[in-house]
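Given next are the chains, with one letter for each unit.
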Amino acid sequence: MKHLEANFDGLVGPTHNYAGLSFGNVASLSNAKAVSSPRSAARQGLEKMKALHDMGMVQGVLAPQERPDVLALRRLGFTGTDGEILAAAAHKAPAIFQAVCSASSMWTANAATVSPGADTRDGKVHFTPANLTNKFHRSLEPITSGRILQAMFADRHYFAHHLHLPDNEHFGDEGAANHTRLCSEYGHAGVELFTFGRYAFDSSKPAPTRYPARQTFEASAAIARLHGLSEDNTIFIQQNPAVIDQGVFHNDVIAVGNKNVLFYHEQAFLDTAAKKREIQQKFGDQKVYFIEVKDSEVSVADAVQTYLFNTQLISLPDGTMVIIAPTECQENERVSAYLADLVTRDTPIRQVHYFDVKQSMRNGGGPACLRLRVALTDQELAAVNPAVILDEVLFNRLNQWVDQHYRDELSVDDLRDPQLLNESRTALDELTQILKLGSVYAFQL
């Protein structure tokens, strides 16, 4: 049986904007209120998808959320026509209005946690949408994310879907951004690393003091139980509170893994030495490459600014391990020098490819934020909704769709325009037909 790892990238939505909503995300806050380009952002994302497809990777597409979220405003007591609701919310509750317009669903790494069938008790691929309770604007996502994932991975013989965890900060879950899987081969049983920021039920344990820890131990443990993982293939590792307070809001901003490689900053974790021993012991006889970046080589500030670790670490079909990095890494002298040296070392990482994803970077997410990794057998891949798998035809069709429906520029003030809502719904309705998702949005139900 053949096996592989597919990447499912989030399409940037037609109302992509910079609202600066994410406290603890330095890039998001520093670009608040800037004029965005939804068309450029969507095209940048599609170009990255196509490039990985051309490298031989299986590349899928995950649909965006509907924004502004008028249903959320109705739940909060705003009444009238959709246009009246937008106007009233923008005038009377501008902070809430900006939140329900968030473009954050483009970061698909937060859509869900995924465990492949090789790791789970029942042999199925398990999906749990992230509840994202730490940020109101993101907590609006899990219901629609769950519908979209079920439309993509619908065959119950191969796929199992769970309801997101309870909507409470004690079970704050940020999805695959805090989840890493190491394995010898994608189809073989692996070790799943759940990184968390704090213990919700034990305030005596270490926790950050400046910025919030968005993932709790209790949430990570619950997902491991839901997915039918065993103690032998599960490791819980706490993120260093001091590094969270430096703007590392998710683990994938400070660490990334693939197969037998864990690439991380020396400040990433607590009890690093002990956890390395546990990883190697549970991994088995094959060597795990722990590539630790010293602060003297790349500072945390440079790692956050360039998203050195929010890169994609992938294995090409020929086995070559490659880093997919944003051009910000190339433009930073220290980070660029580090990566140039890294590919000459005795590790599996042999190449670095740079991509321009500035529209995403300015809103606080790099290449790794844009994709959800799903390890599949060839039989499981055949059971995936084929309309969401990228090829030349779908790539061209989606670019045409973007050109037809997306605005070239968008300011925060534009979000109150009822015509923008109509444009967005028309676009998303057509997208669900292109991707054969059925009715997944509230306005369609």
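Small disclaimer: the values here were computed from a predicted structure and weren't measured.

Chemist: Teacher, can you tell me more about the overall build of the protein here?
Modeler: Secondary structure assignment for the protein yields 17 helices and 15 strands. Seen along its three principal axes, the alpha-carbon backbone of the protein occupies a region of about 65 × 45 × 45 Å. Evaluated residue by residue, the protein yields a buried proportion of 60% over its 445 residues. Considering only contacts within the protein whose residues lie at least 6 apart along the sequence, 76% involve residues at least 24 apart.

Chemist: Help me out: how do you make sense of the sheet that holds strand β11 (residues 289-293) in this one?
Modeler: As summarised here, the arrangement of the three strands in space is β9-β10-β11, forming an open sheet in which the pairing is mixed. The open sheet terminates on both sides in strands that have one partner only, identified here as β9 (255-258) and β11. With direction set aside, neighbouring strand axes in the sheet form an average angle of 10°. Summarising the sheet, β9 and strand β10 (residues 261-265) pair through four bridges and their orientation is antiparallel. Opposite Val256, over in β10, you have Phe263 as the bridge partner. On the sheet, helix α10 (residues 272-283) packs against β10 and β11 and is oriented at approximately 160° with respect to β11.

Chemist: Got a minute to help me understand the sheet that holds strand β13 (residues 321-326) in this structure?
Modeler: The pairing of strands in a sheet comes from backbone hydrogen bonds and takes either a parallel or an antiparallel form. Pairing in this open sheet of three strands is mixed, and the strands run β12-β13-β14 from one edge to the other. Both edges of this open sheet fall to β12 (312-315) and β14 (349-355), since each of them pairs with a single strand only. Within this sheet the neighbouring strands show an average axis-to-axis angle of 25°, counted without direction. Here β12 pairs with β13 via four bridges, running antiparallel.

Chemist: Honestly, the state of the cysteines in this entry has me stumped. Any pointers?
Modeler: Where two cysteines share a covalent bond between their sulfur atoms, that bond is called a disulfide. According to the stated counting rule, one finds zero disulfides in the structure shown. With no disulfide partner, Cys329 has as its closest neighbouring cysteine sulfur the one in Cys369, 12 Å distant. Take Cys329: its relative accessible area is 0%, and that puts it in the buried class.

Chemist: Any chance you could explain the packing of aromatic side chains here in plain terms?
Modeler: How two aromatic rings sit relative to each other is given by the distance of their centres and the angle of their planes. Applying the stated criterion across every chain, the model contains 16 aromatic pairs. With a centroid separation of 5.3 Å and an interplanar angle of 75°, the aromatic rings of Phe217 and Phe236 are classed as edge-to-face. One end of the pair, Phe217, is in helix α8 (residues 217-226); the other, Phe236, is in strand β8 (residues 234-238), and 19 residues separate them in sequence. For Phe236, a relative accessible area of 24% gives the class partly exposed. One aromatic cluster is present, built from ring pairs that chain together Phe8, Phe127, Phe153, Tyr158 and Phe159. Seen from the ring of Phe395, Lys50 lies directly overhead, with NZ or CZ sitting 5.5 Å from the centre. Taking NZ or CZ as reference, Lys205 lies 4.0 Å from the ring centre of Tyr199, over its face.

Chemist: What should I look at first to understand the layout of surface pockets in this one?
Modeler: The gaps of empty space that remain are located by a probe, the size of a water molecule, rolled over the atoms. Counted as a void, the largest pocket has a volume near 440 Å³. Lining the largest pocket are 23 residues, and of these Asp69, Leu71, Arg75, Leu140 and Ile143 sit closest to its centre. Elements represented by at least two residues in the lining of the largest pocket include exactly α3 (70-75) and α7 (142-152). The element that contributes the greatest number of residues to the lining of the largest pocket is α3, accounting for five residues. Of the residues assigned to the lining of the largest pocket, the class counts are nine nonpolar, five polar and nine charged.

Chemist: Just checking my understanding: could you explain the pattern of salt bridges for this structure?
Modeler: Oppositely charged side chains can form a pair if their charged atoms are brought close together. Scanning all chains against the criterion turns up 25 salt bridges. The residue Lys50 makes a salt bridge to Asp54 at a minimum N-O spacing of 3.0 Å. Here Lys50 pairs with Asp54, and both are found in helix α2 (residues 38-54), just four residues apart, close to one helical turn. Glu423 is the partner of Arg407 in a salt bridge, and the nearest nitrogen-oxygen pair spans 3.1 Å. Within this pair, whereas Arg407 is found in the loop between α16 (392-405) and α17 (418-434), its partner Glu423 is found in helix α17, the two being separated by 16 residues in sequence. On the basis of relative accessibility, which here comes to 23%, the residue Glu423 falls in the partly exposed class.

Chemist: What am I meant to see in the pairing of β11 here?
Modeler: One ladder, built from five bridges, connects β10 with β11; its direction is parallel. Directly across from Leu262, in β11, lies its bridge partner Phe290. Once the chain exits β10 it traverses α10 before rejoining the sheet at β11, and the crossover so formed is right-handed.

About the thresholds
- Residues numbered from 1 in each chain as written.
- Predicted model: local features only at pLDDT ≥ 70, side-chain atom pairs only at ≥ 80, totals over all residues.
- Heavy atoms only, no water.
- Helix = DSSP H or I, 4+ residues; strand = E, 2+ residues; numbered from the N terminus.
- Buried < 20%, exposed > 50% of the residue type's maximum accessible area, 1.4 Å probe, protein only.
- Contact = heavy atoms within 4.5 Å.
- Pairing = 2+ DSSP bridges.
- Axes fitted to C-alpha atoms, helices over the stretch in contact; angles between N-to-C directions.
- Disulfide = S-S within 2.5 Å.
- Phe/Tyr/Trp six-rings, centres within 6.5 Å; stacked < 30°, edge-to-face > 60°.
- Lys NZ or Arg CZ within 6 Å of the ring centre and 35° of its normal.
- 1 Å grid on protein atoms, 1.4 Å probe; cavity = no way out; pocket = protein on both sides within 12 Å on 5 of 7 lines; lining within 4 Å.
- Points joined across faces, edges and corners; volume = space filled by probe spheres on them.
- Nonpolar A, V, L, I, M, F, W, Y, C, P; charged D, E, K, R; others polar.
- Salt bridge = Lys/Arg side-chain N within 4 Å of Asp/Glu carboxyl O.
- Right-handed = clockwise from strand over helix to strand, strands pointing away.

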